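Chain by chain, the residues run as shown.
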Amino acid sequence: MKIRDARVIITCPGRNFVTLKIETDQGIYGIGDATLNGRELAVASYLTDHVVPNLIGRDAQRIEDIWQFLYRGAYWRRGPVTMSAIAAVDTALWDIKAKAAGMPLYQLLGGRSRDRVLVYGHANGADIEQTVDQVGAYKDMGYRAIRAQSGIPGVKGAYGVGKGDLYYEPADGTLPTETLWSTPAYLNHAPKLFERLRDVYGPDIELLHDVHHRLTPIEAGRLGKALEPYRLFWMEDSTPAENQEAFRLIRQHTVTPLAVGEIFNTIWDCRELIQNQLIDYIRTTVVHAGGITHLRRIADLASLYQVRTGSHGATDLSPVCMGAALHFDSWVPNFGIQEYMRHTPETDEVFPHDYRFEDGYLFAGEKPGHGVDLDEKLAAKYEYEPKQLPIARLADGTLWNW
Ligand SMILES: O=C(O)[C@@H](O)[C@@H](O)[C@H](O)[C@H](O)CO
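Everything numeric here is computed off the predicted structure, so don't read it as measured data.

## A few points about the site of the ligand
Alright, step 1. Lining the immediate surroundings of the ligand are 15 residues, of which Asn-37, His-212, Glu-262, Asp-316 and Glu-339 lie closest.
Alright, step 2. One of the side-chain N or O atoms of Asn-37 is found 2.9 Å from an oxygen atom in the ligand.
Alright, step 3. One nitrogen or oxygen atom from the side chain of Arg-283 is found 3.2 Å from an oxygen atom belonging to the ligand.
Alright, step 4. Against a free-state accessible area of 340 Å², the protein chains account for coverage of 95% of the ligand.
Alright, step 5. A breakdown of the residues in the shell around the ligand according to their chemical character gives four nonpolar, four polar and seven charged.

Right, here's the structure in full:
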């Protein structure tokens, strides 16, 4: 089965998505997500200019060999642009293989390890009471696990606070929006949010929180300790993770479970975190960590150390990534949870799919492949719009981590 054609399709039904479509000489095609929020065109060019010419004429069934060719063959390894491009090819090829076999993708991976995929949604509010109401709204929609974020008095544009609708989207400007950050105000505020949430909703609902890389390791240890009485499912990205060793300090101070990995691209970014048991959940995704082929390697390493998966699933990952992730989640033995931020109805229309949400769970569909398609005519109506993620500064003007 030879690759006859491959091309990149960019569409912006409210936000930008980059999709790779690979066609074979046997009429079967597959699609893969290549979206890198705020840097979309870099991956599109990497694919169109450097990857696609290498794909034409290759055997579409040799997924592993093509992965190795793109990773080793470029000489320049790793990085979000390279790995998102490789992921798009890999996802499209798994889609093709599963379609050719007439099987949903999870069957090819080894079959189901579970019937349904536990997901968490995002509740956020301008203040604690609004977040409390939003958590209630998510509970009413059936969610069993909810990430809670709240505005902080005196901190303009604190992370995770949307503009009041279900479809929070941080990449909101042609040039980055400037937000403010104050660690002392945040550290005083965050435990109060979770104290209130446990008072209102009791001990059973799963609560999660994203620190979004804002703290130093010792501050993260302090926060984790302060949150212990409220039994979080996890505390996410509490400190930047370039220095994996930094997590040892956090671990020494708290038993709040730790999650990290949405900006990781390869197994090398998390090897020490996993092998030293410094985290509980690894959040790498299909799209940013080299596709199903590489994600499987990361999950297998993690399983040796009882680290479970918790894939990133924000709206800047397209429904193609979500579809592939759900097949992966249905199979992977050491599954933890899947993030699920809803896409807008416009996005869902551009990417018809057979996964569905019910009672706090997502269900991968039974169609051959990963079950997500792209309506190219509709996609063409939504032109690319340059949009970047915000930045954060301290009150004195120092650039901080957004
Ligand atoms: O946990 C998450 O989902 C967030 O960290 C993301 O929304 C992140 O801010 C975006 O994916 C950035 O593009």
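Next, the rest of the story.
## Digging into unusual backbone geometry
Peptide bonds are mostly trans, and most non-glycine residues show a negative phi.
Alright, step 1. Phi at Arg-78 is positive, roughly 65°, even though this residue is not glycine.
Alright, step 2. Within the element layout of this structure, Arg-78 appears in the loop between α2 (63-73) and α3 (80-101).
Alright, step 3. On the basis of relative accessibility, which here comes to 34%, the residue Arg-78 falls in the partly exposed class.
Alright, step 4. We note that Gln-277 has phi near 55°; this positive angle belongs to a residue other than glycine.
Alright, step 5. Position of Gln-277 relative to the elements: it lies in the loop between α9 (271-275) and β10 (281-282).

## Let's talk about the confidence of the model for the protein chain
Alright, step 1. Scored by pLDDT, the protein chain has a mean of 97; 100% of the residues are at 70 or more.
Alright, step 2. We note a pTM of 0.97 for the whole complex and an ipTM of 0.98 for its interfaces.

## Digging into the packing of α3 against helix α10 (residues 291-304)
Alright, step 1. At a closest axis distance of 6 Å, the pairing of α3 and α10 adopts a crossing angle of 105°. The pairing of α3 with α10 is recorded here as roughly perpendicular in orientation. Side by side, α3 and α10 meet where Met-83, Ala-87, Asp-90, Thr-91 and Trp-94 of the first sit next to Gly-291, Ile-292, Thr-293, His-294 and Arg-296 of the second.
Alright, step 2. Grouping the constituent residues of the contact of α3 with α10 by class yields four nonpolar, four polar and two charged.

## Topic: the sheet that holds strand β16 (residues 399-400)
Alright, step 1. Taken in spatial order, the three strands make up an open sheet running β6-β15-β16, and their pairing is mixed. Of all strands in the sheet, those with a lone pairing partner are β6 (178-181) and β16, marking the two edges.
Alright, step 2. In the sheet, β6 pairs with strand β15 (residues 391-394) via four bridges, with the strands oriented parallel. Across the sheet, residue Thr-179 finds its bridge partner in β15, namely Ala-392.

## So, the domain arrangement of the protein chain
Alright, step 1. Per the domain assignment, the segments making up the protein chain are domain 1 (3-104) and domain 2 (109-366).
Alright, step 2. With 28 residues of domain 1 at the contact, the number on the domain 2 side is 33 residues.
Alright, step 3. With both chains or domains summed, domain 1 and domain 2 bury close to 2,300 Å², and 60% of this area falls on carbon and sulfur atoms.
Alright, step 4. We note a salt bridge from Glu-169 to Arg-15, for which the minimum N-O separation is 2.6 Å.
Alright, step 5. Taken together, the links from domain 1 to domain 2 amount to 11 residue pairs in polar contact (both at pLDDT 80 or more).
Alright, step 6. Secondary structure elements with two or more residues in the side of domain 1 that touches domain 2: β2 (17-24), β3 (29-33), α2 and α3.
Alright, step 7. Here the side of domain 1 that touches domain 2 gets eight residues from one element, more than from any other, and that element is α3.
Alright, step 8. Partitioning the side of domain 1 that touches domain 2 into residue classes produces 14 nonpolar, nine polar and five charged.

## Structural notes on the packing of aromatic side chains
Alright, step 1. Counting across every chain of the model gives 13 aromatic pairs.
Alright, step 2. Between Trp-67 and Tyr-71 the ring centres are 4.9 Å apart and the planes differ by 20°, which places this aromatic pair in the stacked class. Residue Trp-67 and its partner Tyr-71 are both found in helix α2; the two are separated by four residues, about one turn of the helix.
Alright, step 3. Judged by relative accessible area, Tyr-71 falls into the buried class, the value being 8%.

## A short note on the sheet that holds β3
Alright, step 1. One open sheet holds the three strands; their spatial order is β1-β2-β3, and the pairing between them is antiparallel. Looking at which strands have only one partner, the edges of the open sheet turn out to be β1 (3-11) and β3. Sheet twist, expressed as the average angle between the axes of neighbouring strands with direction ignored, equals 20°.
Alright, step 2. With five bridges connecting them, β2 and β3 associate as antiparallel partners. Paired with Glu-23 across the bridge in β3 is Tyr-29.

## Overview of the side chain of His-288
Alright, step 1. In this structure, His-288 sits in the loop between β10 and α10.
Alright, step 2. Leaving out residues up to four positions away in the same chain, His-288 has contacts with Thr-35, Leu-36, Met-83, Ser-84, Glu-262, Phe-264, Asn-265, His-312 and Leu-317.

## Things to note about the side chain of His-343
Alright, step 1. Within the secondary structure, His-343 sits in the loop between β12 (338-339) and α12 (345-350).
Alright, step 2. Judged by relative accessible area, which is 6%, His-343 ranks as buried.
Alright, step 3. Within polar-contact distance, the side chain of His-343 engages the backbone oxygen of Thr-315 at 3.4 Å.
Alright, step 4. Beyond its immediate stretch of four places on either side in the chain, His-343 contacts Phe-17, Tyr-167, Ala-314, Thr-315, Leu-317, Ser-318, Pro-319, Asp-348 and Tyr-355.

## Looking at the nonpolar core
Alright, step 1. Counting 128 residues, the largest nonpolar core has Ile-22 and Val-89 as the members making the most contacts within it.
Alright, step 2. The dominant element in this core, judged by the number of residues it contributes, is α3, at 10 residues.
Alright, step 3. In terms of domain composition, this core takes at least three residues from each of domain 1 (3-104) and domain 2 (109-366).
Alright, step 4. If near-sequence neighbours (up to four positions away) are discounted, Val-89 is found in contact with Leu-20, Ile-22, Leu-47, Val-51, Leu-55, Ile-66 and Leu-70.

Scoring rules and cut-offs
Residues numbered from 1 in each chain as written. Predicted model: local features only at pLDDT ≥ 70, side-chain atom pairs only at ≥ 80, totals over all residues. Heavy atoms only, no water. Near = heavy atom within 4 Å. Polar contact = N/O pair within 3.5 Å; in protein donor to acceptor, adjacent residues only side chain to side chain. Areas by Shrake-Rupley, 256 points an atom, 1.4 Å probe, with all protein chains shown as cover. Nonpolar A, V, L, I, M, F, W, Y, C, P; charged D, E, K, R; others polar. Helix = DSSP H or I, 4+ residues; strand = E, 2+ residues; numbered from the N terminus. Buried < 20%, exposed > 50% of the residue type's maximum accessible area, 1.4 Å probe, protein only. pLDDT = per-residue confidence, 0-100. Axes fitted to C-alpha atoms, helices over the stretch in contact; angles between N-to-C directions. Parallel < 35°, antiparallel > 145°, perpendicular 65-115°, else oblique. Contact = heavy atoms within 4.5 Å. Pairing = 2+ DSSP bridges. Domains from an automatic or database assignment. Buried area = accessible area lost by both parts, 1.4 Å probe. Salt bridge = Lys/Arg side-chain N within 4 Å of Asp/Glu carboxyl O. Phe/Tyr/Trp six-rings, centres within 6.5 Å; stacked < 30°, edge-to-face > 60°. Core = buried A, V, L, I, M, F, W, Y, C linked by side-chain atoms within 4.5 Å.

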